[in-house]
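# Understanding the architecture of this molecule
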Amino acid sequence: MQEEQQPEAAADPMSSSDAPEDGPKETSSVSQNISDADAFKILLEMKMKKRQKKANLPSTVTELDTEDGSKVYVVGTAHFSDSSKKDVVKTIQEVQPDVVVVELCQYRVSMLKMDEKTLLKEAKEINLEKLQQAIKQNGVMSGLMQMLLLKVSAHITEQLGMAPGGEFREAFKEASKVPFCKFHLGDRPIPVTFKRAIAALSFWQKVKLAWGLCFLSDPISKDDVEKCKQKDLLEQMMAEMIGEFPDLHRTIVSERDIYLTYMLKQAAKQIELPRASEAEPRKYIPAVVVGVVGMGHVPGIEKNWNSDLNIQEIMSVPPPSASSKIFKFVIKATVFGLMGYGCYRIGQRTIQFILSMPAAQSYLQKLTEIRSQH
């Protein structure tokens, strides 16, 4: 299952832009005679030389080690931040990783290839078609929760004029420049997260959460977003959230901490060196991994790093509770009630409009005269 959730983007180390335009023709003929194994070794040596220098890493990077000597550099980011983009680029350039893991799942991977302008437009446009698609994909309750959280994202987007996930797009671009660097999606599938979050809340908690998200309107400045990169402020915000919805925090944050940790450790397994022939023994070296995650997940990843993790339990979706069924019925009844009332009002106004037209009034007057004659 895990392999399906780890699409890879292999880098193109031999891009044409790196080759000199002018030079002796013998160079191309010699390069054609180099075997794949030799070319691999040359590029790997170049990569290792870059690694030998002491890395100058941003303060937002947390370094973790595995038992077999692999290194993982976790970049804690704010999802709406120019500074985080720079931190990600600098870290990848400095450590030349074998794998880059980002806090995305296959349901959100489209943001990697969309430009900033398109993403801004998508984030601001929350319409009925998107709601229907979310409900069809995730069910009524999870679909509504997804749209409410998209509303929060759209609110921040509108306030800042900045699309979310810029650090993930930068990680994708930068990983493609590193020889033999793989790109993994490290987050739990979003439908699983939403369904588990909904199942964890009571009926009144769902109502309270939906109400709070629907009427979100507080202004947010760029300074507020950058402050999210400070651990003390972040921990204060998380403490407030735990007090309000502890079960929601468990499913949306704590469980995903475990999942992200597991995926980072999977990515940090030793890598095999190229062999000249099948007879040559296999050789492995420690891997270097860069993880790009929201700053709120970094403490949880550190906490879980040395634990034996089992993600089977947090991947299961519990059956809907009685409160979920009641809330689902209330939502459906409200939607259909509003639709019926809307049709009634539209129909009433349409009839009044038609009857007020001169032609209709003339026709009704003639009908009255005909009836009076009979």
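Predicted model, so just to flag it, every value in this text is computed and none were measured.

## Observations regarding the overall build of the chain
The number of helices and strands found in the chain is 16 helices and seven strands. Across the 374 residues in the chain, those meeting the buried criterion constitute 39%. When the accessible surface of the chain is split by element, carbon and sulfur atoms take 57% of a total near 22300 Å².

## Side note on helix α12 (residues 246-267)
Here α12 spans 30 Å end to end across 22 residues, near enough to the 32 Å set by a 1.5 Å rise per residue. For α12, the principal kink sits at Arg256 and spans about 30°.

## Examining the environment of Lys113
Its place among the elements puts Lys113 in the loop between β3 (99-102) and α4 (116-124). As for Lys113 and Arg169, which are separated by 56 residues in sequence, their C-alpha atoms are 7.3 Å apart.

## Some points on the pattern of salt bridges
Under the criterion given, the structure shown has 15 salt bridges. Among the ionic pairs, Asp82 bridges to Lys85, the shortest N-O distance being 3.5 Å. With a gap of three residues between them, Asp82 and Lys85 both fall in helix α3 (residues 82-95), about one helical turn apart. On the basis of relative accessibility, which here comes to 37%, the residue Asp82 falls in the partly exposed class.

## Structural notes on the nonpolar core
Counting residues in hydrophobic clusters, the biggest one holds 21 residues, and the most contacted among them are Val100, Val102, Ala171, Phe183 and Val290. Listing elements by their share of this core, those giving two or more residues are β2 (71-77), α3, β3, α7 (166-175), β4 (182-185) and β7 (288-294). Leave out the neighbours within four places in its chain, and Ala171 touches Val88, Ile92, Val100, Val102, Phe183 and Val292. Grouped together as the second largest cluster of nonpolar side chains are 15 residues, Val99, Met295, Val298 and Ile301 included.

## Re the packing of α3 against α7
Two elements in contact, α3 and α7, have axes whose closest approach is 8 Å; the angle formed by their N-to-C orientations is 25°. Relative to α7, the element α3 is oriented roughly parallel. The interaxial crossing formed by α3 with α7 has right-handed handedness. Seen from α3, the contacting residues are Ser84, Lys85, Val88, Val89, Ile92 and Gln93; seen from α7, they are Gly166, Glu167, Glu170, Ala171, Glu174 and Ala175. When the residues that make up the contact of α3 with α7 are grouped by side-chain class, the tally is five nonpolar, three polar and four charged.

## Some details on the packing of aromatic side chains
Taken as a whole, this structure holds one aromatic pair when the rule is applied. Between the aromatic rings of Phe172 and Phe183, the centroid separation amounts to 5.1 Å while the plane-to-plane angle is 80°, which identifies the pairing as edge-to-face. Linking Phe172 in helix α7 with Phe183 in strand β4, this pair joins segments that are eleven residues apart in sequence. Over the face of the ring belonging to Trp305 we find Lys265, whose NZ or CZ atom lies 5.8 Å from the ring centre.

## Focus: the sheet that holds strand β1 (residues 61-65)
Sheets are built from strands that pair by backbone hydrogen bonding, the pairs being arranged parallel or antiparallel. One open sheet accounts for five strands, arranged β1-β2-β7-β3-β4; its pairing is mixed. Two strands close off the open sheet at either side, each with one partner strand: β1 and β4. The average undirected angle you get between the axes of adjacent strands in this sheet is 20°. Both β3 and β4 contribute to a ladder of four bridges, which runs parallel.

## A few points about the side chain of Thr251
Locating Thr251 in the fold gives a position in helix α12. Dropping the residues within four chain positions of it, Thr251 is found in contact with Arg188, Thr193, Arg196, Ala197, Ala200 and Arg256.

## Section: helix α2 (residues 36-52)
For α2, spanning 17 residues, the distance from its first C-alpha to its last is 24 Å, which sits close to the expected 24 Å at 1.5 Å a residue. The complete set of buried residues in α2 reads Ala37, Leu43, Leu44, Lys47 and Arg51. Projection of α2 onto a plane perpendicular to its axis shows the buried side chains occupying an angular sector of 130°, all on one side. In this structure, α2 carries Glu45, Lys49 and Gln52 as exposed residues pointing more than 90 degrees from its buried face. For α2, the secondary structure elements touched by its buried residues are α3 and β7.

## Digging into the pairing of β7
Burial analysis of β7 places seven of its seven residues in the buried class, the great majority of the element. Inspection of the sheet shows β2 paired to β7 by seven bridges, in the parallel sense. Within β7, the residue paired with Val75 across the bridge is Val292. Sheet analysis places β3 next to β7, joined by four bridges and oriented parallel. Bridged to Val101 within β7 is Gly291.

## Overview of the environment of Glu255
Its place among the elements puts Glu255 in helix α12. C-alpha of Glu255 to C-alpha of Gly300: the two residues are 45 residues apart in sequence and 9.2 Å apart in space. Setting aside residues no more than four positions away along its own chain, Glu255 makes contact with Arg188, Arg196, Arg250 and Ile314.

The rules we used
- Residues numbered from 1 in each chain as written.
- Predicted model: local features only at pLDDT ≥ 70, side-chain atom pairs only at ≥ 80, totals over all residues.
- Heavy atoms only, no water.
- Helix = DSSP H or I, 4+ residues; strand = E, 2+ residues; numbered from the N terminus.
- Buried < 20%, exposed > 50% of the residue type's maximum accessible area, 1.4 Å probe, protein only.
- Areas by Shrake-Rupley, 256 points an atom, 1.4 Å probe, with all protein chains shown as cover.
- Expected span 1.5 Å × (residues − 1).
- Bend = angle between axes of the 7 residues up to and from the residue.
- Salt bridge = Lys/Arg side-chain N within 4 Å of Asp/Glu carboxyl O.
- Core = buried A, V, L, I, M, F, W, Y, C linked by side-chain atoms within 4.5 Å.
- Contact = heavy atoms within 4.5 Å.
- Axes fitted to C-alpha atoms, helices over the stretch in contact; angles between N-to-C directions.
- Parallel < 35°, antiparallel > 145°, perpendicular 65-115°, else oblique.
- Left-handed = near helix turned anticlockwise from the far one by under 90°.
- Nonpolar A, V, L, I, M, F, W, Y, C, P; charged D, E, K, R; others polar.
- Phe/Tyr/Trp six-rings, centres within 6.5 Å; stacked < 30°, edge-to-face > 60°.
- Lys NZ or Arg CZ within 6 Å of the ring centre and 35° of its normal.
- Pairing = 2+ DSSP bridges.
- Arc of directions from axis to C-beta.

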